[in-house]
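# Secondary and tertiary structure notes
Okay, here's what each chain looks like letter by letter:
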Amino acid sequence: MSKEELQHAQALGLCEAFYQQRAPYWTYAARIGAELALRLEQLALADAMYAAVLADKAVPWAKLGLARVLQAGGQADAAVSTIRNLLADEPRYADAYDVMGRIHAEQGDLAGAIAAYKQAVDITPFSVARAQKYGILAWYAAEPDVALAALEHAASIGGDSPHFDHQTLLLLAMARFQKGDAAGLRQCNKQLAGVLSRHSRS
């Protein structure tokens, strides 16, 4: 076990103690503990923690957590069904669309994944990470018009965000090249030159 895994296991032990004793703020401890349990592949414990929170109060993150446990356990169809039920009650829960998109992508359903990520972007239009995922996935799914619009949006809101992946600029340059957009291509070149300049000084 690595040092990081050992630290996670120790933290999980503390969270589990709070959860088992139903100590004050135990639901917060259960939330953190379930995340750690998922990371450590202790799926039964993660499932029990999320289920206990749901029995105490109906919070969407716990139901999404159960879907993630199902996904981690290889039950993708059941995970998707759980998320759809969640979204029927919480249609603007962007995190649920993220997980749905990831499951569809892992199953090779790129159209389903793109649709899910589009929903997440529509709900949170200033999320750099989501806009990039949407655009990059659309590019590799051979949806050039969708990819171009999404990548342009990601680049426009990305700025100096630490979440900005400069692969976005490379794909945007390729998309603009395919469209014959010389001015847009020059803009990408200027932005990439700025990135390289900043990195050379660091």
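Before reading on, note that the structure itself is shown above.
Quick summary incoming for the structure in this document. Please read these numbers as outputs of a predicted model, since none were measured by experiment.

Cut-off values and rules
- Residues numbered from 1 in each chain as written.
- Predicted model: local features only at pLDDT ≥ 70, side-chain atom pairs only at ≥ 80, totals over all residues.
- Heavy atoms only, no water.
- Core = buried A, V, L, I, M, F, W, Y, C linked by side-chain atoms within 4.5 Å.
- Buried < 20%, exposed > 50% of the residue type's maximum accessible area, 1.4 Å probe, protein only.
- Helix = DSSP H or I, 4+ residues; strand = E, 2+ residues; numbered from the N terminus.
- Contact = heavy atoms within 4.5 Å.
- Salt bridge = Lys/Arg side-chain N within 4 Å of Asp/Glu carboxyl O.
- 1 Å grid on protein atoms, 1.4 Å probe; cavity = no way out; pocket = protein on both sides within 12 Å on 5 of 7 lines; lining within 4 Å.
- Points joined across faces, edges and corners; volume = space filled by probe spheres on them.
- Nonpolar A, V, L, I, M, F, W, Y, C, P; charged D, E, K, R; others polar.
- Axes fitted to C-alpha atoms, helices over the stretch in contact; angles between N-to-C directions.
- Parallel < 35°, antiparallel > 145°, perpendicular 65-115°, else oblique.
- Left-handed = near helix turned anticlockwise from the far one by under 90°.
- Expected span 1.5 Å × (residues − 1).
- Phe/Tyr/Trp six-rings, centres within 6.5 Å; stacked < 30°, edge-to-face > 60°.
- Lys NZ or Arg CZ within 6 Å of the ring centre and 35° of its normal.

Bringing the nonpolar core into the picture now. Membership of the largest hydrophobic core comes to 38 residues, with the highest contact counts inside it found for Tyr-50 and Ile-83. Contributions of two or more residues to this core are made by helix H1 (3–21), helix H2 (26–39), helix H3 (43–56), helix H4 (60–72), helix H5 (76–89), helix H6 (94–106) and helix H7 (110–123). Per-element tally for this core: the top contributor is H4, with seven residues. Ignoring anything within four residues of it in the chain, the contact list for Ile-83 reads Leu-64, Ala-67, Ala-96, Val-99, Met-100 and Ile-103. With 24 residues, the next largest nonpolar core counts Ala-113, Tyr-117, Ala-175 and Cys-188 among its residues.

Okay, the pattern of salt bridges next. The full count for this structure, using the stated rule, is six salt bridges. Lys-118 serves as the salt-bridge partner of Asp-122, at 2.9 Å between the closest nitrogen and oxygen. With Asp-122 and Lys-118 both in helix H7 and four residues apart, this pair spans about one turn of that helix. In this structure Asp-122 comes out as partly exposed when scored by relative accessible area, which is 46%. Between Asp-145 and Lys-179 there is a salt bridge, and its shortest N-O distance comes to 2.7 Å. One end of the pair, Asp-145, is in helix H9 (residues 144–158); the other, Lys-179, is in the loop between helix H10 (167–178) and helix H11 (182–201), with 34 residues separating them in the sequence. For Asp-145, a relative accessible area of 48% puts it in the partly exposed group.

Attention now goes to the layout of surface pockets. There is about 180 Å³ of room inside the largest pocket. As for the largest pocket, its lining consists of Arg-31, Glu-35, Tyr-50, Trp-61, Leu-64, Gly-65, Arg-68, Tyr-93, Asp-95, Asp-98, Val-99 and Arg-102. Contributions of two or more residues to the lining of the largest pocket are made by H2, H4 and H6. Split by residue class, the lining of the largest pocket holds five nonpolar, one polar and six charged.

All right, on to the packing of H7 against helix H8 (residues 128–140) then. Each packed pair of helices is defined by two parameters, the angle between the axes and the distance between the axes. Relative orientation of the contacting elements H7 and H8 amounts to 155°, with a least axis distance of 9 Å. Considering the angle they form, H7 stands roughly antiparallel to H8. Like other packed secondary-structure pairs, H7 and H8 cross with a definite hand, here left-handed. Contact residues: H7 offers Leu-110, Ala-113, Ile-114, Tyr-117, Lys-118, Ala-120 and Val-121, while H8 offers Arg-130, Ala-131, Lys-133, Tyr-134, Leu-137 and Ala-138. Taken together, the residues of the contact of H7 with H8 sort by class into ten nonpolar, no polar and three charged.

The next thing to look at is H9. Compared with the 21 Å implied by 1.5 Å per residue over 15 residues, the 20 Å span of H9 between its first and last C-alpha is a close match. Within H9 the residues assigned to the buried category are Ala-147, Leu-148, Ala-150, Leu-151, Ala-154, Ala-155 and Gly-158. Contact partners of the buried residues in H9: H8 and H10.

If a residue is not glycine, its phi is most likely negative; likewise, a peptide bond is most likely trans. Even without glycine at this site, Arg-22 takes up a positive phi of about 50°. Structurally, Arg-22 is set in the loop between H1 and H2. You will see that Tyr-25, though not glycine, has its phi angle at about 65°, which is positive.

Going through the model one piece at a time under the given rule, you end up with three aromatic pairs. Judged by centre distance (6.3 Å) and plane angle (40°), the rings of Tyr-19 and Trp-26 are tilted. The exposure class assigned to Tyr-19 is buried, which follows from its relative accessible area of 8%. Residue Trp-26 is classed as buried on the basis of its relative accessible area, which comes to 11%. Between Tyr-50 and Trp-61, the ring centres sit 6.4 Å apart and the planes meet at 65°, which makes this aromatic pair edge-to-face. Within this pair, whereas Tyr-50 is found in helix H3, its partner Trp-61 is found in helix H4, the two being separated by eleven residues in sequence. As far as burial versus exposure is concerned, Tyr-50 and Trp-61 are alike and both buried. It is Arg-22 that lies over the ring of Trp-26; its NZ or CZ is 4.4 Å from the centre. Lys-57 extends its terminal NZ or CZ atom over the ring of Tyr-28, reaching a point 5.9 Å from the ring centre.

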